[in-house]
Amino acid sequence: MTQHRRIKRRSTKIAIAAATTVLAATVTPLLIGQASASEDGVRAPAAAGTTWVNSCGTPAPGDTMVCNALRVTNTVEHVGALGVARGAAPAGYGPGDLRSAYELPADGGAGQTVAIVDAYNDPSAESDLAVYRSQFGLPACTSADGCFTKVGQRGSGGALPADNPGWAGEISLDLDMVSAIAPKAHILLVEADSASTDNLGSSVNEAVRSGAKFVSNSYGGPESAGDTTFDERYYNHPGVAITASSGDSGFGVEYPAASRYVTAVGGTALKKASGGRGWSEKAWSTDATDGAGSGCSTIEAKPGWQKDAGCAGRTVADVAAVADPATGVAVYQTFGGSGWNVYGGTSVAAPIIAGVYADAGTPTAAYPAADPYARPGALNDVTSGATATCTPAYLCTAGKGYDGPTGLGTPNGLAAFTG
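Residues numbered from 1 in each chain as written. Predicted model: local features only at pLDDT ≥ 70, side-chain atom pairs only at ≥ 80, totals over all residues. Heavy atoms only, no water.

Would you explain the sheet that holds strand β23 (residues 339-344) in this entry?
Backbone hydrogen bonds hold the strands of a sheet together, and the pairing may be parallel or antiparallel. Strand order in the open sheet formed by four strands is β5-β7-β23-β22, with antiparallel pairing between adjacent strands. Each of the sheet's edge strands pairs with one partner strand only, and the pair in question is β5 (52-54) and β22 (329-333). Going across the sheet, the axis of each strand differs from the next one's by a mean of 45°, ignoring polarity. Here β22 pairs with β23 via five bridges, running antiparallel. Opposite Ala 330, over in β23, you have Val 342 as the bridge partner. In the packing of helix α2 (residues 125-135) onto the sheet, contacts are made with β22 and β23, and the angle to β22 comes to roughly 140°. Taken strand by strand, helix α3 (residues 165-181) contacts β22 and β23, and its axis lies near 125° from that of β22. (Pairing = 2+ DSSP bridges. Helix = DSSP H or I, 4+ residues; strand = E, 2+ residues; numbered from the N terminus. Axes fitted to C-alpha atoms, helices over the stretch in contact; angles between N-to-C directions. Contact = heavy atoms within 4.5 Å.)

Just to check I follow, could you spell out the pattern of salt bridges for this structure?
In a structure, side chains of opposite charge can pair up when their charged atoms sit close to one another. If you walk through the whole model with that rule in mind, you get nine salt bridges. A salt bridge links Arg 314 to Asp 318, with the nearest nitrogen and oxygen atoms 2.8 Å apart. Judged by its relative accessible area of 0%, Arg 314 falls in the buried class. It is possible to trace a salt-bridge network through shared partners that takes in Asp 231, Glu 232, Arg 260 and Glu 300. (Salt bridge = Lys/Arg side-chain N within 4 Å of Asp/Glu carboxyl O. Buried < 20%, exposed > 50% of the residue type's maximum accessible area, 1.4 Å probe, protein only.)

Teacher, can you tell me more about the state of the cysteines here?
As used here, a disulfide is simply a covalent bond connecting the sulfur atoms of two cysteines. In the structure shown here, the tally under the stated rule is four disulfides. Here Cys 390 is linked by a disulfide to Cys 396, with a sulfur-sulfur distance of 2.2 Å. Since a negative S-S torsion denotes a left-handed disulfide, the Cys 390-Cys 396 link at about -115° is left-handed. This pair shows no difference in class: Cys 390 is buried, exactly as Cys 396 is. Here the disulfide map of the protein reads 1-2, 3-4, 5-6, 7-8, the bonded cysteines being numbered as they appear in the sequence. (Disulfide = S-S within 2.5 Å.)

Take a look at the structure:
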């Protein structure tokens, strides 16, 4: 029997503004050991025993949000830790795998700008991004050629925030996933002064002021009575596709995923399969405290496009993408990391969906979260997996049609994300 191992990660079900200690959670090991070759040479994790930690560590005083990036701690790499490995591939799914799984073009994102909002500074963001893109044959995206821009929450004239090695993992993950899905898009990284709701929200505003029509947010915190105020102050941007990860603590609602103005992105376990699509997915759940966030908001009103009858308020999520660390993605990170890593969490899924929106073109709907509800048949319906036992069951159990952990499903081309 494989021995259980205790590792530290944070549950966002607690009020982290008041409690900033890391919770110890027992995770059943799902070791990424023997890896099988997958499409385009990337080695996909085998489904046996993974351990991970939340990348962002203990929140600093004043932080009210945590990132949803889970860094796998027991990856067996098949390439050198640092730099580009010609003729080999890092562990974890790469761009070719993700585009294959979700029927996406290899040259998506042309003419678009995707913004990534995170807290603190990653001093190696641009150089690490260059290695990831070179490894997988993606076009260069640098500040010199105008493709990559990094600013603080006050824009190009303001100072960057303090360096933070934990949030650097989240930043690397987000940059790499947008690159994988929308390789021809420009990328704007907006770094908030801290992981407070106000600073992260101000960074969303800066991203939109700078012209981004797609904004990815891979963080969350508990719902609060002030969320509807935050909605209007930070997340109400008609004509902009704003994505937010649903959380990694299983059944329970996080903000800003609960905002009626964003696309809430849940998570799946994604595996190669024989026949048909060539891939299979189920709702991601490792145990009672590790899985895709979902549920019924007690604060937010239900948007007009949501029609599920078991929740009077806003239901989370809307759509989903891969998030299970046991079927994680390749990420390159040197500040706070050792080079090639495997990451999971709904922080993987949120920038993937932002990239899909960018592939689909400039939004025409006032709130692009409504687009998938107009074309649910254009998604991969995820019908198995559960994160908890709840009433009504669809809020935590995947099934035919809409469900909480995976929403309406995962991308199957671009039709569901076109206004």
